[in-house]
Structures are given as C-alpha cells and as structure tokens.
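# Tertiary structure, described
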Amino acid sequence: MAAMSAHPPQQIPRRQWLATCAGAALLPFAQASAAQRDITLRFSHVVTEDTPKGRAASRFKALVEARSSGRITVQVFPDGQLYGDHDEMQALQLGAVDMVAPSLSKFGRIGLPEFELFDLPFLFEDLSEVRRVTLGALGQRLFNGLKRQGLVGLGFFDNGFKQMSANRPLLAPTDFAGLRMRVQASRVIADQMRALGARPVTLAFSETRRALATGVVDGTENPVSNFWTQGMHQVQSDLSLTNHGYLGYAVVTNQRFWEHLQADDRELINQALQEALEDARQIADVQNEAALAALRRSNTTRIHRLSAGQRVRLQQAVLPVHQALARRIGPDWFQALQDALAQPSA
Ligand code: LMR
C-alpha cells in the first residue's frame, strides 16, 4: 500500500509551506480524500520512550495501527529527534507534524498564557485535584482557546509533580540565592524562581542536561521520571522532593489535518488516544515512583525531603507569583479555577 499524507495545503505563507513540504510525499487534496486512504500520522515529542508521555505515545500507536489493520500508521519521534520545545508547536501549525504533546507550560508563548495556571506553585494537592480542572469545564475552556492558533486539543494527561535539583539541597528560599535555574518557557515558572531568589534561565528540554553538566545552569525542576531518564542524576548531586508544582501535557493536533480526516478515521484515532491517555493517567505516579527507586539505587544523588515548616516557608515565598498571573490573565480564570477545585472528585 502506498502511504499518503492526510494533510491539506495550509493557509500559511507560501515560502514556509514549500520549505516544509520539500521532499515530503504530499498528494493533492482531491487524491488524498479517496475512501479508506492510508494515513501516516506523525507524533513528535521531546522525552524518552520510558516516561509517561513516551508510554502514552507508544500505546496510542499500537492501538491505532491494530484497529485500522495497519492502514493508519503512527510514526512516533521521541526525545526531540525531530523537533524540540522551541519549534514543535510551529511545526504542528505548519503541518510538518500532526500531533504533539507539549507540557502545559509551553502554551503561554503561543499566546495562551491562561495555560500557565497549571504552573502555579503549590496549587494542587494531588492528581485528583488536577483532574477536576483538566477533565471539567475549565479544561474545555482552555481547549477552546486553541482554535485561535489553528489547533485542536484532544486530551490532557499527567507527568506528575516536580522536584528541585541542584548541587545542593533546596529546602528553603535562602538555598536558591543566586542559582541559575533552568526553566521551561513559562513566565509563571520564571517568576517562581525569582520569588525564591534564583535566576531563571529558559532552555529547551533537550539542552538541559548538557547545560547542567557544563555549568551553564546550576539546577532545574522536573518530575523524577524526566530527571532520571535524561540522566540528570549524573550531573546533579542533590534532589529535593519539594512536590512544588505540577507538570502535565495536552495532546494537540492541527485543525486542518483533523477536520480533513474522514469521520470514522477521526473517531478511531480519537478513541485510541483517549484510551492511551487514560492509561497514562493511571501510570504517571507509578513511573515517578519507579524512577525514584532507580535513582536511590544508583546512589549518585542525595535525596532530601521537606519538613512541613520548610514547605510552608517555600509556599509563602512564592505567593506573589499567583497574584502576578491573576493580573496578567484576569481574575475570572482564577474564579473558574477555584470553582473547578471546589467540585467533588469524580
Ligand atoms: C520540560 O521541558 O522540562 C518538560 O516539559 C519536558 C516534557 O515534555 O516533559
């Protein structure tokens, strides 16, 4: 079977479109819309396969390919092989890939700062609180905003809670003084590091380990599964279990690609994705626990726990970060957040 792409021409500057498509097997729209056509769906992400996101992508691929008897192929490009943080969203908008699953922290820079609600430090107590937001009306409202960027949100899922690392314990605001901390491209996370007395340095995920190894930055934050699978434990002597913030993802696709799919293919792909994301939501905690156990066994990194008093002092230090975001995106988002968190658990 000759594979063909399901991608219609895009409303983008012609020069960019041509550059994107150079060398690609792009068939004319009319031909591509023949019944039961073969489809290749390209899913790009920046983490390894052995992470919650990597596992979700592999499961999605297996389900789609089995249910379509191989007619729909999912090509997964993990670990930033194809695109990194800085260009994966643009690649999606240009139609150079069909699905990405960036962290929620990375939507602010495409004009959707309300996604940075998820970055607020010490906002969520546990993942069931996160679900009240992502699986409810607020999650839908956030996805509605994606249309402005020609994107469709297909689902949220978790990595888990972030920990702080450096070559020293990070248990009190004074421990952060003067440290250069790698952050994702989120103003909320940058403000959080400033509030703690550190200097935020925005870097792509794929550049982080090297930057830590060479001393370009002194520390960072991430859930343990990312810390472990990127080998950051080899270049950081201390990991402090602060659980201070949430890291989650949204799977997004290009609206034109999505709308151009035949209804039954769209249904098959969406159903497989929802199942893969449900599995991913079940395994995120387990994967972070497994990574922590492996980290303990590796004996490379000292692991610190926060006392209740230390947690309160960190919380107090970062309170202004919440107020700054409320000023930036408006109080109604905070009201909606409060309403979502007040809902009983599903
Ligand atoms: C990071 O950049 O630290 C994470 O968002 C990477 C990821 O996708 O888990």
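Residues numbered from 1 in each chain as written. Predicted model: local features only at pLDDT ≥ 70, side-chain atom pairs only at ≥ 80, totals over all residues. Heavy atoms only, no water.

### Observations regarding the packing of helix α7 (residues 187-195) against helix α12 (residues 308-329)
- Two elements in contact, α7 and α12, have axes whose closest approach is 8 Å; the angle formed by their N-to-C orientations is 150°. In terms of orientation, α7 lies roughly antiparallel with respect to α12. You can see that α7 and α12 cross each other, and the crossing is right-handed. Across the interface between the two elements, Arg187, Val188, Asp191, Gln192 and Ala195 from α7 touch Ala317, Val318, Val321, Ala324, Leu325 and Arg328 from α12.
- Of the residues in the contact of α7 with α12, the class split is seven nonpolar, one polar and three charged. (Axes fitted to C-alpha atoms, helices over the stretch in contact; angles between N-to-C directions. Helix = DSSP H or I, 4+ residues; strand = E, 2+ residues; numbered from the N terminus. Parallel < 35°, antiparallel > 145°, perpendicular 65-115°, else oblique. Left-handed = near helix turned anticlockwise from the far one by under 90°. Contact = heavy atoms within 4.5 Å. Nonpolar A, V, L, I, M, F, W, Y, C, P; charged D, E, K, R; others polar.)

### Concerning unusual backbone geometry
- If you check the backbone angles, aspartate 79 has positive phi at about 60° while not being a glycine.
- On the secondary structure map, aspartate 79 appears in the loop between β2 (72-77) and α4 (88-94).
- In this structure aspartate 79 comes out as partly exposed when scored by relative accessible area, which is 38%.
- A positive phi angle, close to 55°, is found at phenylalanine 122, a residue other than glycine. (Buried < 20%, exposed > 50% of the residue type's maximum accessible area, 1.4 Å probe, protein only.)

### Observations regarding the side chain of histidine 322
- Residue position: histidine 322 is located in helix α12.
- Discounting residues that sit within four places of it in the chain, histidine 322 has contacts with Leu120, Pro121 and Phe334.

### Regarding the environment of valine 74
- The residue valine 74 is located in strand β2 in this model.
- Here the alpha-carbon distance between valine 74 and alanine 62, two residues twelve residues apart in the chain, equals 8.3 Å.
- Beyond its immediate chain neighbours, meaning those up to four positions away, valine 74 contacts Leu41, Phe43, Phe60, Lys61, Val64 and Glu65.

### Brief notes about the pattern of salt bridges
- Scanning all chains against the criterion turns up 16 salt bridges.
- The salt bridge involving glutamate 275 is made with arginine 67; its shortest N-O contact spans 2.7 Å. Residue glutamate 275 is found in helix α11 (residues 263-298), and its partner arginine 67 is found in helix α3 (residues 52-67); the two are separated by 208 residues along the sequence. (Salt bridge = Lys/Arg side-chain N within 4 Å of Asp/Glu carboxyl O.)

### Considerations on the site of the ligand
- Close to the ligand lie 13 residues, the nearest being Lys53, Lys106, Arg182, Gln184 and Tyr249.
- At a separation of 3.4 Å, an oxygen atom of the ligand approaches a polar side-chain atom of serine 103.
- Within the side chain of tyrosine 249, a nitrogen or oxygen atom sits 2.5 Å from an oxygen atom of the ligand.
- Taken by itself the ligand offers 270 Å² of open surface, and the protein chains cover 99% of this.
- When grouped by side-chain class, the residues that make up the shell around the ligand number five nonpolar, four polar and four charged. (Near = heavy atom within 4 Å. Polar contact = N/O pair within 3.5 Å; in protein donor to acceptor, adjacent residues only side chain to side chain. Areas by Shrake-Rupley, 256 points an atom, 1.4 Å probe, with all protein chains shown as cover.)

### A short note on the confidence of the model for the protein chain
- Overall, the prediction assigns the protein chain a mean pLDDT of 90, with 89% of residues at 70 or greater.
- Throughout residues 1-5 the model reports pLDDT below 50, and contacts reaching past four residues in sequence, or to other chains, amount to 16 contacts.
- Taken together, the stretch residues 7-34 has pLDDT below 50 and engages in 41 contacts with residues farther than four places along the chain or on a different chain. (pLDDT = per-residue confidence, 0-100.)

### A few points about the pairing of β2
- The alternating pattern of β2 places Ile72, Val74 and Val76 on a buried face and Thr73, Gln75 and Phe77 on a face that is not buried.
- Bridging between strand β1 (residues 39-44) and β2 involves six bridges; their strand directions are parallel. In the sheet register, arginine 42 faces β2, and the bridge partner there is glutamine 75.
- In this view, the connection linking β1 to its parallel neighbour β2 by way of α3 has right-handed handedness. (Pairing = 2+ DSSP bridges. Right-handed = clockwise from strand over helix to strand, strands pointing away.)

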